[in-house]
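Chain and residue survey
Chain by chain, the residues:
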Amino acid sequence: MKLVPLTDRVVLKQCEAEETTKSGIILASAAQEKPQEAMVIAVGPGGVVDGKEITMQVKEGQKVIYSKYAGTEVKIEGEEYIIVRQNDILAVVE
């Protein structure tokens, strides 16, 4: 199954959470903070949204940082994804 986002939506796959701190302490899964870094899996075509022309700025395969409480989490075929609007993406990690 392939996820195809509409208009200015972007499908992200969240990067793995750190399991140990820099000092070597192993974190329980409940104590791990969800990372705000993700890989772009699919990008919508853009178009007119709320009367404004939207050009997509991100591409598949890029690593991005997104807003902490943004998007909708979905689970498809055992994989977890987040669908966000392009304006919820804060930066591209290079």
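Preceding this section is the structure that the text describes.
First, a word on scope: everything that follows refers to the structure included in this document. Small disclaimer: the values here were computed from a predicted structure and weren't measured. (Residues numbered from 1 in each chain as written. Predicted model: local features only at pLDDT ≥ 70, side-chain atom pairs only at ≥ 80, totals over all residues. Heavy atoms only, no water.)

1. Focus on the overall build of the protein
When helices and strands are counted, the protein shows 0 helices and 8 strands. N-terminal to C-terminal, the α/β element order of the protein is β-β-β-β-β-β-β-β. Taken across its 94 residues, the protein has 23% of its residues classed as buried. Long-range contacts, defined as pairs at least 24 residues apart, comprise 64% of the intrachain contacts of the protein with a sequence gap of at least 6. (Helix = DSSP H or I, 4+ residues; strand = E, 2+ residues; numbered from the N terminus. Buried < 20%, exposed > 50% of the residue type's maximum accessible area, 1.4 Å probe, protein only. Contact = heavy atoms within 4.5 Å.)

2. Looking at the pattern of salt bridges
Evaluated as defined, the whole model comprises 4 salt bridges. Among the salt bridges present, the one from Asp 8 reaches Arg 9, with a minimum N-O distance of 3.3 Å. For Glu 37, the salt bridge goes to Lys 63, with nearest N and O atoms at 3.3 Å. Taken together, the residues span a long stretch of sequence, with Glu 37 in strand E2 (residues 37-43) and Lys 63 in strand E5 (residues 63-66) at a distance of 26 residues. A cluster of three or more residues bridged by salt bridges with shared partners is formed by Asp 8, Arg 9 and Arg 85. (Salt bridge = Lys/Arg side-chain N within 4 Å of Asp/Glu carboxyl O.)

3. Side note on the nonpolar core
The biggest cluster of nonpolar side chains holds 12 residues, and these are Val 10, Leu 12, Ala 38, Val 40, Met 56, Val 58, Val 64, Tyr 66, Ala 70, Ile 82, Val 84 and Ile 89. Contributions of two or more residues to this core are made by strand E1 (9-14), E2, E5 and strand E7 (79-85). (Core = buried A, V, L, I, M, F, W, Y, C linked by side-chain atoms within 4.5 Å.)

4. Structural notes on the environment of Glu 79
Turning to its location among the elements, Glu 79 is positioned in strand E7. Owing to a relative accessible area of 34%, Glu 79 belongs among the partly exposed residues under this scheme. For the pair Glu 79 and Lys 13, spaced 66 residues apart in sequence, the C-alpha separation works out to 8.6 Å. A polar contact is formed between the side chain of Glu 79 and the side chain of Lys 13, at a distance of 2.5 Å. (Polar contact = N/O pair within 3.5 Å; in protein donor to acceptor, adjacent residues only side chain to side chain.)

5. What to know about the environment of Ser 67
For Ser 67, the location among the structural elements is in the loop between E5 and strand E6 (72-76). Looking at Ser 67, the relative accessible area reads 22%, which means it is partly exposed. The spacing of Ser 67 and Val 84 is 17 residues in sequence and 9.2 Å in space, taken between C-alpha atoms. Excluding its chain neighbours within four sequence positions, the residues that come into contact with Ser 67 are Gln 36, Asp 88 and Leu 90.

6. Digging into the packing of aromatic side chains
Under the definition given, this model contains 0 aromatic pairs. A cation sits over an aromatic face here: Lys 13 above Tyr 81, 5.6 Å from the ring centre. (Phe/Tyr/Trp six-rings, centres within 6.5 Å; stacked < 30°, edge-to-face > 60°. Lys NZ or Arg CZ within 6 Å of the ring centre and 35° of its normal.)

7. Re the pairing of E5
Looking down a regular strand, the side chains alternate between one sheet face and the other. Burial along E5 is one-sided: the residues Val 64 and Tyr 66 are buried and none of Lys 63 and Ile 65 is. Pairing analysis gives 3 bridges linking E2 to E5, with the strands arranged antiparallel. Opposite Glu 37, over in E5, you have Ile 65 as the bridge partner. Note: E5 against strand E8 (residues 89-93), 4 bridges, orientation antiparallel. Opposite Tyr 66, over in E8, you have Ile 89 as the bridge partner. (Pairing = 2+ DSSP bridges.)

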